Amino acid sequence: SQTIHQWPATLVQPVGSPLSLECTVEGTSNPNLYWYRQAAGRGLQLLFYSVGIGQISSEVPQNLSASRPQDRQFILSSKKLLLSDSGFYLCAWGGNQPQHFGDGTRLSIL
Amino acid sequence: DQQVKQNSPSLSVQEGRISILNCDYTNSMFDYFLWYKKYPAEGPTFLISISSIKDKNEDGRFTVFLNKSAKHLSLHIVPSQPGDSAVYFCAASGSGSGSARQLTFGSGTQLTVLP
């Protein structure tokens, strides 16, 4: 069966520090991969999606970037975090619809 | 521009009764709709979906109804159980390729089922 791993579960970072969140999927090959963010009291906003290694599409302009160095690995990064980057970050995999989510990372920026 | 709206941020229902969660959308290109359930500190879990060629889809205690003319869908949970207490997200996607097939989420409704 397919599983998705996302870490860390929580992260507290100072403004201006770098960020790297990792997501890996097991039990499937060539999945579509997604990064979402949920801000407090809001729905899930799609940040990036990838249909294959090295292929990244960005949905909204922002301070973040994504990379897919391997088929089942998706990384969310930032060189310098902003206060507005706080939120709950979710990785997901699927076909055309991301039906399977990781447990998320709660990111707090101080 | 919120293309998928869940106007009720919260809903409380007595155990055993019916829970009805509502969702409205504005984009007429949406043709596939999903409901997700989310517990605190966990990722959303897929519950049930419906395509625009249907007006109803049922899976156990969960039924989703779609009214295309009103651009409205609802999730019915019967009977409601305390374990159903969670945030429910409505999501929609459109036909076509690329970003058109991505999901657009509503802001969620917190359901509380009272024992």
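Data block above holds the structure.
Counting from 1, residues in each chain are numbered in the order their sequence is written. Lettering for chains starts from A, numbering for ligands starts from 1, and both go in the order in which the items are written. The predicted origin of the model limits local features to residues at a pLDDT of at least 70 and limits the giving and counting of side-chain atom pairs to 80 or more, whereas totals for whole chains, interfaces and linings rest on all residues. With hydrogens and water excluded, all non-hydrogen atoms of the structure serve as input to the side-chain values.

Caption draft 1: Quick look at the pairing of strand β1 (residues 3-7) of chain A. All names here are of chain A. Three labels apply to residues, based on accessible area from a 1.4 Å probe with only protein chains included: buried if under 20% of the type maximum, exposed if over 50%, partly exposed otherwise in between. Helix and strand labels come from DSSP, where a helix needs a run of H or I of at least four residues and a strand needs a run of E of at least two; each type is numbered from the N terminus. On β1, burial follows the alternation: I4 and Q6 on one face are buried, whereas T3, H5 and W7 on the facing-out side are not. Bridge count between β1 and strand β3 (residues 19-26): five bridges; the pairing is antiparallel. Each bridged residue has a counterpart across the sheet, and for H5 the counterpart in β3 is T24. Each pair of strands is called paired provided DSSP finds at least two bridges between the two strands.

Caption draft 2: Layout of the sheet that holds strand β6 (residues 56-59) of chain B. Residue and element names in this part refer to chain B. Taken together, the five strands give an open sheet; going across it, the order is β1-β3-β8-β7-β6, and neighbouring strands pair in antiparallel fashion. The open sheet is flanked by β1 (4-5) and β6, the only strands paired with a single partner. Judged from the two bridges that link them, β1 and strand β3 (residues 19-25) form a sheet pairing that is antiparallel. Residue V4 lies in a different strand from β3, and its bridge partner there is Y25.

Caption draft 3: Region of interest: unusual backbone geometry. Here the bond from W7 of chain A into P8 of chain A is cis, since omega is 0°, no more than 30 degrees from zero. Turning to its location among the elements, P8 of chain A is positioned in the loop between β1 and β2 (10-13). The residue after V78 of chain B, namely P79 of chain B, is reached through a cis peptide bond having omega -10°. In this structure, A41 of chain B is a non-glycine residue whose phi angle is positive, near 60°. Tracing the backbone shows A41 of chain B in the loop between β4 (30-38) and β5 (45-51).

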